[in-house]
Amino acid sequence: GTFAAQPMKALDFGVYEYPGYGDREAEDTLDDMDAIAADALEAMKPSLEQVKQGGEYEGAPFAFMGGGFGAQLMQVVAKKVLITYGMVPKGVVVMGRGAPNNPLLNEAGQKMLEEDPDKVVEAYNYEEFGNIDKAKAAKAMKLANQTRDQFYHKFECPIMLVKGGKDAKVDEIS
């Protein structure tokens, strides 16, 4: 499949940054995937308003791309877009993350993350461990353990999976 049947007259690209990261570093981070999804939807609202029914560019195609936790978040946002606007993306790209019904860590890893977060963060980010905000990294890992039922949302479009070289869970199911 293709993302667009006809050449597009314009292309817009947006990057969503979570509160507490990038240009939003001064903001407090959020602890809940639904809260982050609501924030993402609000950030995307101007673009979605343009392509929704009755919008200036009604029916224009759009796609989502997410990596790691962003891939999990993308599913929640896509469902919110469907419910709010009645629209679905023309395609999605999932990078370096298994299905959203799989947590980042197994039960033992999640327990260790609660009891000794620095140890887990160091094992997961060993190359950058000395230069990262360990508390923020542990919080992000906890977010990546939030899961959704495998039937939470079904994408009605092509899905491209980009797999990294170190993803044992993706290797296991592919």
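A brief structural summary. It should be emphasised that the depicted structure is a prediction, and the values quoted were computed from it without experimental measurement.

Some remarks on the overall build of the protein chain
Piece 1. Looking only at helices and strands, one finds six helices and three strands in the protein chain.
Piece 2. Along the protein chain, from the amino end to the carboxyl end, the secondary structure elements read α-β-α-β-α-α-α-β-α.
Piece 3. When burial is assessed residue by residue, the protein chain has 33% of its 174 residues classed as buried.
Piece 4. Here the analysis covers contacts within the protein chain between residues at least 6 apart in sequence; of these, 68% occur between residues at least 24 apart.
Piece 5. Carbon and sulfur atoms provide 53% of the accessible area of the protein chain, an area that totals close to 11100 Å².

What to know about the side chain of Asp 39
Piece 1. Mapped onto the elements of the fold, Asp 39 is located in helix H1 (residues 33-51).
Piece 2. Only 2.6 Å separates the side chain of Asp 39 from the side chain of Arg 24, close enough to count as a polar contact.
Piece 3. Not counting residues within four places of it along the chain, the set of residues in contact with Asp 39 comprises Tyr 16, Pro 19, Arg 24 and Leu 30.

Brief notes about the environment of Phe 64
Piece 1. Positionally, Phe 64 belongs in strand E1 (residues 63-67).
Piece 2. Exposure remark for Phe 64: the relative accessible area of 11% places this residue in the buried category.
Piece 3. Considered as a pair, Phe 64 and Gly 91 are 27 residues apart in the sequence and their alpha carbons are 6.7 Å apart.
Piece 4. For Phe 64, the residues in contact, after removing those within four places along its chain, are Met 44, Met 74, Val 77, Ala 78, Val 81, Pro 89, Gly 91, Val 92 and Val 93.

Some details on a nonpolar patch on the surface
Piece 1. Side chains of Phe 13, Val 15, Met 65, Met 95, Met 160 and Val 162 sit close together on the surface and give an oily, nonpolar patch of about 620 Å² of accessible area.
Piece 2. On the secondary structure map, Met 65 appears in strand E1.

Looking at the pattern of salt bridges
Piece 1. The tally for this structure, following the rule as stated, stands at eight salt bridges.
Piece 2. A salt bridge links Lys 139 to Asp 31; the nearest nitrogen and oxygen atoms lie 2.9 Å apart. Here Lys 139 is found in helix H5 (residues 134-143), whereas its partner Asp 31 is found in the segment before H1, with 108 residues between them in sequence.
Piece 3. A salt bridge links Lys 52 to Glu 49, with the nearest nitrogen and oxygen atoms 2.7 Å apart.
Piece 4. By relative accessible area, Lys 52 is classed as partly exposed at 26%.
Piece 5. Counted as one network, the salt bridges with shared partners bring together Arg 24, Glu 27 and Asp 39.

Focus: the sheet that holds strand E3 (residues 159-162)
Piece 1. Spatial ordering of the open sheet is given by E1-E2-E3, a layout of three strands whose pairing is parallel. The open sheet terminates on both sides in strands that have one partner only, identified here as E1 and E3. With strand direction ignored, the average angle separating the axes of adjacent strands in the sheet is 10°.
Piece 2. The strands that helix H2 (residues 69-85) touches are E1 and strand E2 (91-95); relative to E1, the one it contacts most, it runs at about 150°.

Structural notes on the pairing of E2
Each regular strand displays side chains that alternate between the two surfaces of the sheet.
Piece 1. Counting buried residues along E2, four of its five residues qualify, which places the element largely inside the surrounding structure.
Piece 2. Pairing of E1 with E2, which is carried by five bridges, proceeds in the parallel orientation. Across the sheet, residue Ala 63 finds its bridge partner in E2, namely Gly 91.
Piece 3. Crossover connection from E1 via H2 to parallel E2: handedness right-handed.
Piece 4. Pairing analysis gives four bridges linking E2 to E3, with the strands arranged parallel. Looking at the pairing, Met 95 lines up with Val 162 of E3.

Calculation rules
Residues numbered from 1 in each chain as written. Predicted model: local features only at pLDDT ≥ 70, side-chain atom pairs only at ≥ 80, totals over all residues. Heavy atoms only, no water. Helix = DSSP H or I, 4+ residues; strand = E, 2+ residues; numbered from the N terminus. Buried < 20%, exposed > 50% of the residue type's maximum accessible area, 1.4 Å probe, protein only. Contact = heavy atoms within 4.5 Å. Areas by Shrake-Rupley, 256 points an atom, 1.4 Å probe, with all protein chains shown as cover. Polar contact = N/O pair within 3.5 Å; in protein donor to acceptor, adjacent residues only side chain to side chain. Patch = residues over 30% accessible without salt bridge, like charges linked within 9 Å, V, L, I, M, F, W, Y side chains within 5 Å. Salt bridge = Lys/Arg side-chain N within 4 Å of Asp/Glu carboxyl O. Pairing = 2+ DSSP bridges. Axes fitted to C-alpha atoms, helices over the stretch in contact; angles between N-to-C directions. Right-handed = clockwise from strand over helix to strand, strands pointing away.

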